[in-house]
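An overview of the molecular structure
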Amino acid sequence: MSRHLGDEFVLPTLTPNNTPYFTSGSIQIQFCEDCGHAQHPPDDICYACQGTKLVFAPCPGTGRIESAAIVHHPSHPALKSQVPYVIAIVSVDGAPGCNVQGNVVGCPPEAVEIGQKVRAVFEGAREKASGRELLIPQWELAREA
Ligand SMILES: [Zn+2]
């Protein structure tokens, strides 16, 4: 499966803090073992208590669209044939206060609305330099049961 924004578009640069999110194939959110605070993006300290006992935990992989924009202007040459596409801010179920950013895939851009429930899907990609495999979280509209 090719990536939603094309296989030539830039990949995230992996760091120790973001590697779980971009490689695990699940929605990994950082939690503080001292106070329970959930935070994203991950960091070396807890933003609530300044503790440093931080762990990653998988969330259910569902969420809600809090904001969305349809991109019409290709901000990178690799995106010329990919527009229009949707960038959304998704609040993550199981991680109070945590929002993540991603594309909404598998539907026309105009079908995306604030308040819709979404489900994570993962796009495989390989870093050319390191050969590391990434599983990039994206979102699709959750079908009503
Ligand atoms: Zn804390």
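Right above here is the structure, for reference.
All values reported here derive from a predicted model rather than from experimental measurement.

1. Overview of the sheet that holds strand E3 (residues 54-59)
- Spatially, E2-E1-E3 is the arrangement adopted by the three strands of the open sheet, whose pairing is antiparallel. Each of the sheet's edge strands pairs with one partner strand only, and the pair in question is strand E2 (38-39) and E3.
- Where strand E1 (residues 27-32) meets E2, two bridges bridge the pair, whose relative direction is antiparallel. Looking across to E2, one finds that Gln30 is bridged to Gln39.

2. Observations concerning the pattern of salt bridges
- For the coordinates displayed, the defined rule picks out five salt bridges.
- Among the ionic pairs, Glu140 bridges to Arg119, the shortest N-O distance being 3.3 Å. Note that Glu140 is positioned in strand E8 (residues 133-141) and Arg119 in strand E7 (residues 117-126), a separation of 21 residues in sequence.
- Note on Arg119: relative accessible area 33%, which makes it partly exposed.
- Of the charged contacts in the structure, one is a salt bridge between Arg126 and Glu133, with a shortest N-O distance of 4.0 Å.
- Judged by its relative accessible area of 45%, Glu133 falls in the partly exposed class.

3. Points about the sheet that holds strand E4 (residues 62-71)
- Taken together, the five strands give an open sheet; going across it, the order is E6-E5-E4-E7-E8, and neighbouring strands pair in antiparallel fashion. With one partner strand each, in any of the chains shown, strand E6 (99-103) and E8 form the two edges of the open sheet. Between one strand and the next, the sheet's axes are offset by a mean angle of 35°, whatever the strand orientation.
- Sheet analysis places E7 next to E8, joined by nine bridges and oriented antiparallel.

4. Here we look at the coordination of the zinc ion
- Within the protein, the zinc ion binds to Cys32 (SG), Cys35 (SG), Cys46 (SG) and Cys49 (SG); these donor distances fall in the range 2.3 to 2.4 Å.
- Around the zinc ion, the four donor atoms are arranged such that angles at the metal cover 104 to 114°; this shape is classified as tetrahedral.
- Between consecutive donor residues of the zinc ion, the sequence gaps follow C-x2-C-x10-C-x2-C. Linking Cys35 in the loop between E1 and E2 with Cys49 in the loop between E2 and E3, this pair joins segments that are 14 residues apart in sequence.
- Residue classification places Cys35 among the partly exposed positions, given a relative accessible area of 40%.

5. Describing the nonpolar core
- Within the largest apolar cluster, 26 residues are counted, with the highest numbers of intra-cluster contacts made by Ile27, Ile29, Ala95 and Val104.
- Listing elements by their share of this core, those giving two or more residues are helix H1 (19-23), E1, strand E5 (85-92), E7 and E8.
- Setting aside residues up to four positions removed in sequence, Val104 forms contacts with His4, Ile65, Val86, Ala88, Val112, Trp139 and Leu141.

Criteria and thresholds
- Residues numbered from 1 in each chain as written.
- Predicted model: local features only at pLDDT ≥ 70, side-chain atom pairs only at ≥ 80, totals over all residues.
- Heavy atoms only, no water.
- Pairing = 2+ DSSP bridges.
- Helix = DSSP H or I, 4+ residues; strand = E, 2+ residues; numbered from the N terminus.
- Salt bridge = Lys/Arg side-chain N within 4 Å of Asp/Glu carboxyl O.
- Buried < 20%, exposed > 50% of the residue type's maximum accessible area, 1.4 Å probe, protein only.
- Axes fitted to C-alpha atoms, helices over the stretch in contact; angles between N-to-C directions.
- Donors = N, O, S within 2.8 Å, 3.2 Å for Na, K, Ca; no water.
- Tetrahedral: all angles 85-135°; square planar, octahedral: opposite > 155°, others 65-115°.
- Core = buried A, V, L, I, M, F, W, Y, C linked by side-chain atoms within 4.5 Å.
- Contact = heavy atoms within 4.5 Å.

So, to be careful, I would describe these as geometric facts and stop short of saying anything about function.
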